[in-house]
Amino acid sequence: MKNVLVTGGAGFIGANFVRYLLEKEPEVRLVNLDLLTYAGNEANLVDLPNAHNHIFVQGDIRDAELVEKLFADYDLDTVVHFAAESHVDRSILGPAAFVETNILGTFVLLESARKHWQGDPEGKRFHHVSTDEVFGSLGPDDPPFDEHTAYDPRSPYSASKASSDHLVRAYSHTYGLPATVTNCTNNYGPYQYPEKLIPVIITNCLQGKPIPVYGDGKQIRDWLYVGDHCDAIYRVIVNGREGETYAIGGNNQPTNLEIIHTICEVLDDRLPNSPHAPHKELITFVTDRPGHDRRYAMSIDRIQAELGWQPTESLATGLEKTVDWYLANLDWVDDIRNESVYADWMTKNYGKR
Ligand code: NAD
Ligand code: TYD
């Protein structure tokens, strides 16, 4: 790869990947296209390694003219597509943006890649970053999802991601677009916007606010530290087979309550004199999410066997690193908390629970 377009590179996973790639491939020219929605944050891109090779473009993946221009101006050979509306609760309260960004935006990128790479697919790669949520919800005794699991999305978010996966696969099959897809489980780590479970727990605890547990808190997710996800994506782009899908996961399946208790213990350890310790006393059961998926889990057999990838971070070490990152970056948290879009979301989502 020489000229890489990363979409959504100011968001949580995208910003971690931008750092990862600039470090790993110091010669790469990285064009970062991000609209800077509420979830995008230029503060996620400070102190980048090899920053002289990072070109930030504030713009919309749905803007076909802009995307075409980027392909032409930078002679792009690789696309790593993260940009999306990514939060299930937001998709329940307002699905339109998910259809527009996740489906139409992916379509615009695919069309540009098809046009610019037509007849010359050598050395090109369109990589689509997707989720395990496209496979639906597992029962307690079901085996984990894998690359052969049938699609069964159940939220507007997962339906929009499933749709974009299908478009990518169709372009690969029909037009021979050199594409790969990864379906990954829940990520956590630095720069995650405090609307998802783990940063909600940490940031609410810091303020002594309730930790909102949806339903009975016994839902299961397969958590992966974001750095491990970035490494998996890189391996798939470099050595993954064109036209293939790779499942990525963390090989662990705690309940939400178990995750919450672990984070509370780490916070009690780091902040023994906090007026909010013991933090587990902040746990508050609230109205469940409509259509809440019960359990996700992913088999990593294929990516492990073909690409030698497996998670390096355990849940215990990953959560400690994550709590420590938030504690070391309280200004980053405060800046988000002081934005009206954040307060509006907290009221809109939690006010009615
Ligand atoms: P995020 O919400 O933190 O970041 C999304 C980024 O996309 C933001 O920077 C936002 O500004 C940008 N964006 C949104 N709409 C845009 C548009 N129209 N044009 C250009 N940029 C736009 O999301 P995330 O958690 O980093 O997830 C990144 C990708 O990974 C998504 O595609 C998501 O579906 C997928 N994924 C996420 C997880 C997870 O646990 N977070 C797990 C598996 C897969
Ligand atoms: P989330 O981080 O939103 O990821 P996803 O819905 O994509 O899996 O939620 C993770 C789990 O935590 C999910 O079962 C919903 C639950 N949850 C809560 O119990 N309270 C919260 O405040 C949030 C945001 C999520």
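Residues numbered from 1 in each chain as written. Chains lettered and ligands numbered in written order. Predicted model: local features only at pLDDT ≥ 70, side-chain atom pairs only at ≥ 80, totals over all residues. Heavy atoms only, no water.

## Some remarks on the state of the cysteines
Test applied: In what follows, a disulfide is any cysteine sulfur pair within 2.5 Å. Exposure classes here rest on a 1.4 Å probe applied to the protein chains alone. A residue is buried below 20% of its type maximum, exposed above 50%, and partly exposed in between.
Scanning the entire structure with this criterion turns up 0 disulfides. Of all cysteine sulfurs in the structure, the one in cysteine 230 sits closest to cysteine 184, which takes part in no disulfide; the separation is 9.5 Å. You can see cysteine 264 has no disulfide; the closest cysteine sulfur is in cysteine 205, sitting 4.4 Å from it. The class for cysteine 264 is buried, based on a relative accessible area of 1%.

## Some words on the site of ligand 1
Definition in use: We call a residue near a molecule or strand whenever a single non-hydrogen atom of that residue lies within 4 Å of it. Counted as a polar contact is a pair of N or O atoms within 3.5 Å, where, for protein atoms, one must be capable of donating a hydrogen and the other of accepting one, and residues adjacent in sequence contribute only when both atoms are in side chains. Only the protein chains shown count as cover for residues, with accessible areas throughout obtained via the Shrake-Rupley method and a probe of 1.4 Å. Under the scheme used here, helices are H or I runs from DSSP no shorter than 4 residues and strands are E runs no shorter than 2 residues, and both carry numbers assigned from the N terminus. Residue classes follow a fixed rule: Ala, Val, Leu, Ile, Met, Phe, Trp, Tyr, Cys and Pro count as nonpolar, while Asp, Glu, Lys and Arg count as charged, and any other residue, Gly among them, counts as polar.
Taken together, 30 residues are adjacent to ligand 1, and Ile13, Asp34, Ser86, Tyr157 and Lys161 come closest. Isoleucine 13 is positioned such that a nitrogen or oxygen atom in its backbone is 2.7 Å from an oxygen atom of ligand 1. Protein contacts shield 97% of the accessible area of ligand 1, which totals 830 Å² for the unbound molecule. Sorting the residues of the shell around ligand 1 by element identifies α1 (12–24), β5 (125–131) and α5 (156–175) as the ones contributing at least two each. The leading source of residues in the shell around ligand 1 is β5, at 3 residues. When grouped by side-chain class, the residues that make up the shell around ligand 1 number 13 nonpolar, 12 polar and 5 charged.

## Thoughts on the packing of helix α4 (residues 96–117) against α5
Relative orientation and spacing of two packed helices are given, respectively, by the angle between their axes and the distance between those axes. Selection rule: Convention adopted: a line fitted to C-alpha atoms gives each axis, helices being fitted over their contacting stretch, and angles between N-to-C directions are expressed from 0 to 180 degrees. What sets the label is the angle itself: under 35 degrees gives roughly parallel, over 145 gives roughly antiparallel, 65 to 115 gives roughly perpendicular, and the rest give oblique. Left-handed describes a crossing whose near helix is turned anticlockwise from the far helix through less than a right angle; right-handed describes the clockwise counterpart. Residues are treated as being in contact if the distance between any of their heavy atoms lies within 4.5 Å.
Two elements in contact, α4 and α5, have axes separated by 8 Å at closest approach and are oriented at 15 degrees. Relative to α5, the element α4 is oriented roughly parallel. The way α4 lies across α5 gives a crossing that is right-handed. The residues of α5 that touch α4, namely those facing Phe98, Asn102, Ile103, Thr106, Phe107, Leu110, Glu111 and Arg114, are Tyr157, Ser160, Lys161, Ser163, Ser164, Leu167, Val168, Tyr171 and Tyr175. Of the residues in the contact of α4 with α5, the class split is 9 nonpolar, 5 polar and 3 charged.

## Considering the pairing of strand β2 (residues 29–34)
To keep things clear, this is the line we draw: Here, a strand pair is defined by DSSP locating no fewer than two bridges between the strands. When the strands point away from the viewer and the connection leading from the first strand across the helix to the second strand turns clockwise, the crossover is called right-handed.
Summarising burial for β2: 5 of the 6 residues are buried, a large majority. As paired strands, strand β1 (residues 3–7) and β2 are joined by 5 bridges and run parallel to one another. Of the residues in β2, the one forming a bridge with threonine 7 is leucine 33. On the question of chirality, the crossover connecting β1 to the parallel β2 by way of α1 is right-handed. Judged from the 5 bridges that link them, β2 and strand β3 (residues 54–58) form a sheet pairing that is parallel. By the bridge assignment for β3, leucine 33 is matched with valine 57.

## Thoughts on the site of ligand 2
Around ligand 2 sit 17 residues in total, of which Glu133, Pro212, Arg221, Arg289 and His292 are the nearest. At a separation of 2.8 Å, an oxygen atom of ligand 2 approaches a polar side-chain atom of asparagine 186. For ligand 2, an oxygen atom lies 2.5 Å from a polar atom in the side chain of arginine 289. Protein coverage of the free-state accessible area of ligand 2, which is 510 Å², stands at 98%.

## Focus: helix α8 (residues 256–270)
Basically, it comes down to this: To estimate how far a helix should extend, the number of its residues minus one is multiplied by 1.5 Å.
With 15 residues, α8 should reach 21 Å at 1.5 Å per residue; the first-to-last C-alpha distance of 21 Å fits that figure. Tucked into the core, α8 has its buried residues touching α6 (197–207), β8 (211–214), β11 (283–286) and α10 (315–328).

## A word on the domain arrangement of the protein chain
Stated precisely, the cut-off is as follows: Here the bounds of each domain stem from an automatic or database domain assignment. Here's the idea: put two parts together, see how much 1.4 Å probe accessible area each one loses, and the total over both is what we call buried area. Salt-bridge detection follows one rule: a side-chain nitrogen of Lys or Arg within 4 Å of a carboxyl oxygen of Asp or Glu.
Each domain of the protein chain was delimited in the assignment, giving domain 1 (3–185 + 223–251 + 295–313) and domain 2 (193–220 + 254–292 + 314–345). For domain 1 versus domain 2, the distance between C-alpha centres works out to 26 Å. At the junction of the two partners, domain 1 supplies 18 residues and domain 2 supplies 21 residues. Sorting the residues of domain 1 by area buried against domain 2 places Tyr38, Trp223 and Glu313 first, and these three jointly supply 36% of that buried surface. Scanning the region where domain 1 abuts domain 2 turns up 3 salt bridges. A salt bridge links aspartate 89 to arginine 289; the shortest N-O distance between them is 2.7 Å. In terms of residue count, the dominant contributor to the side of domain 1 that touches domain 2 is helix α3 (residues 88–93) (5 residues). Looking at the side of domain 1 that touches domain 2, its residues break down into 9 nonpolar, 5 polar and 4 charged.

## Notes on unusual backbone geometry
Look at the link from alanine 277 to proline 278: it is a cis peptide, with omega at -5 degrees. Inspection of the secondary structure puts proline 278 in the loop between α8 and β11. The backbone of aspartate 75 sits at a positive phi, close to 50 degrees, despite the residue not being glycine. Position of aspartate 75 among the secondary structure elements: in the loop between α2 (64–74) and β4 (78–81).

## Points about the environment of threonine 262
Mapping threonine 262 onto the fold places it in helix α8. For threonine 262, a relative accessible area of 29% puts it in the partly exposed group. Separated by 53 residues in the primary sequence, threonine 262 and leucine 315 place their C-alpha atoms 9.6 Å from one another. A polar side-chain atom of threonine 262 sits 2.9 Å from the main-chain carbonyl oxygen of glutamate 258.

## Comments concerning the side chain of aspartate 34
Basically, it comes down to this: Residues counted as positive are Lys and Arg, residues counted as negative are Asp and Glu, and His and the chain ends are not counted.
Note that aspartate 34 resides in strand β2. Here aspartate 34 sits buried without a salt bridge, and the closest side chain of opposite charge, arginine 62, lies 11 Å off (N-O distance). Among the polar contacts made by the side chain of aspartate 34, one reaches the main-chain amide nitrogen of alanine 10 at a distance of 2.9 Å. Not counting the four nearest positions on each side in its chain, aspartate 34 is found in contact with Gly8, Gly9, Ala10, Gly11, Gly40, Phe56, Val57, Gln58 and Gly59.

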